[in-house]
Amino acid sequence: MRVLVVEDERGLAAAIARGLTEEGFTVSVAHDGADGLWSARHEPYDVIVLDIMLPRLSGYEVVRRLRARSVWTPVLMLTAKDGEYDEADALDLGADDYLSKPFSYVVLVARLRALLRRGAPARPAVLAAGDLTLDPARRRCERAGQEISLTAREFMLLEFLLRRPDEVVSKTDILTHVWDENFDGDTNIVEVYIGYLRRKIDAPFRRHIIETVRGAGYRLLGTGG
Ligand code: CA
């Protein structure tokens, strides 16, 4: 079983890694949120131990971004009672379990084993608007029963809009969630990609599902246009 430990207190991270290795886990360690997010997205871990207060990207942001990108690896969050977030927040944010610092090592191993037995949480249902469907788990998009091939970025953009039906979303929201909050290129990239999506999901079907809301952003019609 592969475990990713994201913890900036190096002594604690090393102790957790050593202990889990002795229990038979294969352990990788990341010391900040950005590295942790990268590893969690690119390596097949069975479970993630994630501290909340981390440099570069909080554990809160790491789990939110993982779930937004359909990475469902179980996450056990390490919370501090006096921290910015508490246990209830951890679960709301998409973590599967939490443990308050300081914790007993035996309890940590027991909780990880329980998470592994439970397996990855249920995948989200297929998203739909009218005759358009998007299946995040299978990476498939269809309209009127016809499969539509999307690039990874187009897929993320459409998923983002489908999760907010009938809401006006700004270009900034889209950039932050579909690109990166540190994106410093031309914001017209959003318009360009909305154009690509429309050509694939709207134009061939003559019904427009993505509306431009002048001066505000875009709105995906939950009824499918
Ligand atoms: Ca920390």
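Note that the structure is a prediction, hence the values are computed from the model and not measured.

Draft legend 1. Quick peek at the coordination of the calcium ion. Bound to the calcium ion are the protein donor atoms Asp8 (OD), Asp51 (OD) and Met53 (O), situated 2.1 to 2.3 Å from the metal. Considered as a linear motif, the donors of the calcium ion on their single chain read D-x42-D-x1-M.

Draft legend 2. Representation of the packing of helix α6 (residues 152-162) against helix α7 (residues 171-179) in the model. Contact geometry of α6 with α7 gives a least axis separation of 10 Å together with a crossing angle of 125°. Relative to α7, α6 is oriented oblique. Along this stretch, α6 crosses α7, giving a crossing that reads as right-handed. Here α6 contributes Arg153, Met156, Leu157, Phe160 and Leu161 to the contact with α7, which in turn contributes Asp173, Ile174, His177, Val178 and Trp179. When its residues are assigned to classes, the contact of α6 with α7 shows 7 nonpolar, 1 polar and 2 charged.

Draft legend 3. Structural view of unusual backbone geometry. The step from Lys101 to Pro102 runs through a cis peptide bond, and the omega angle for that step is -5°. Note that Pro102 resides in the loop between β5 (97-101) and α5 (105-118). At Arg56, a residue that is not glycine, the phi angle is positive and equals roughly 75°. Counting through the fold element by element, Arg56 comes out in the loop between β3 (47-51) and α3 (59-68). A positive phi angle is found at Asp166, which is not glycine, with a value near 65°. Relative to the helices and strands, Asp166 is located in the loop between α6 and β10 (168-169).

Draft legend 4. Structural detail: the pairing of strand β8 (residues 140-143). Of the two faces of β8, the one holding Cys141 and Arg143 is buried and the one holding Arg140 and Glu142 is not buried anywhere. In the sheet, strand β7 (residues 132-135) pairs with β8 via 4 bridges, with the strands oriented antiparallel. Paired with Leu132 across the strands is Arg143, a residue of β8. In the sheet, β8 pairs with strand β9 (residues 146-148) via 3 bridges, with the strands oriented antiparallel. Within β9, the residue paired with Arg143 across the bridge is Gln146. Two successive antiparallel strands, β8 and β9, enclose a turn made up of 2 residues, where Ala144 displays a positive phi of approximately 50°.

Draft legend 5. Local environment of the nonpolar core. Ranked by size, the top nonpolar core spans 29 residues in total, and within it Leu158, Leu161, Ile174 and Ile210 carry the most contacts. Contributions of two or more residues to this core are made by β6 (127-129), β7, α6, α7, α8 (188-202) and β12 (217-220).

Draft legend 6. Spatial organisation of the sheet that holds β10. Taking strand neighbours across the sheet as the criterion, the 3 strands line up as β10-β12-β11 in an open arrangement whose pairing is antiparallel. Looking at which strands have only one partner, the edges of the open sheet turn out to be β10 and β11 (210-213). Helix-sheet contacts for α6 involve β10, β11 and β12, and the interaxial angle to β12 is about 70°. Helix-sheet contacts for α8 involve β11 and β12, and the interaxial angle to β11 is about 145°.

Quick notes on the rules
Residues numbered from 1 in each chain as written. Predicted model: local features only at pLDDT ≥ 70, side-chain atom pairs only at ≥ 80, totals over all residues. Heavy atoms only, no water. Donors = N, O, S within 2.8 Å, 3.2 Å for Na, K, Ca; no water. Axes fitted to C-alpha atoms, helices over the stretch in contact; angles between N-to-C directions. Helix = DSSP H or I, 4+ residues; strand = E, 2+ residues; numbered from the N terminus. Parallel < 35°, antiparallel > 145°, perpendicular 65-115°, else oblique. Left-handed = near helix turned anticlockwise from the far one by under 90°. Contact = heavy atoms within 4.5 Å. Nonpolar A, V, L, I, M, F, W, Y, C, P; charged D, E, K, R; others polar. Buried < 20%, exposed > 50% of the residue type's maximum accessible area, 1.4 Å probe, protein only. Pairing = 2+ DSSP bridges. Core = buried A, V, L, I, M, F, W, Y, C linked by side-chain atoms within 4.5 Å.

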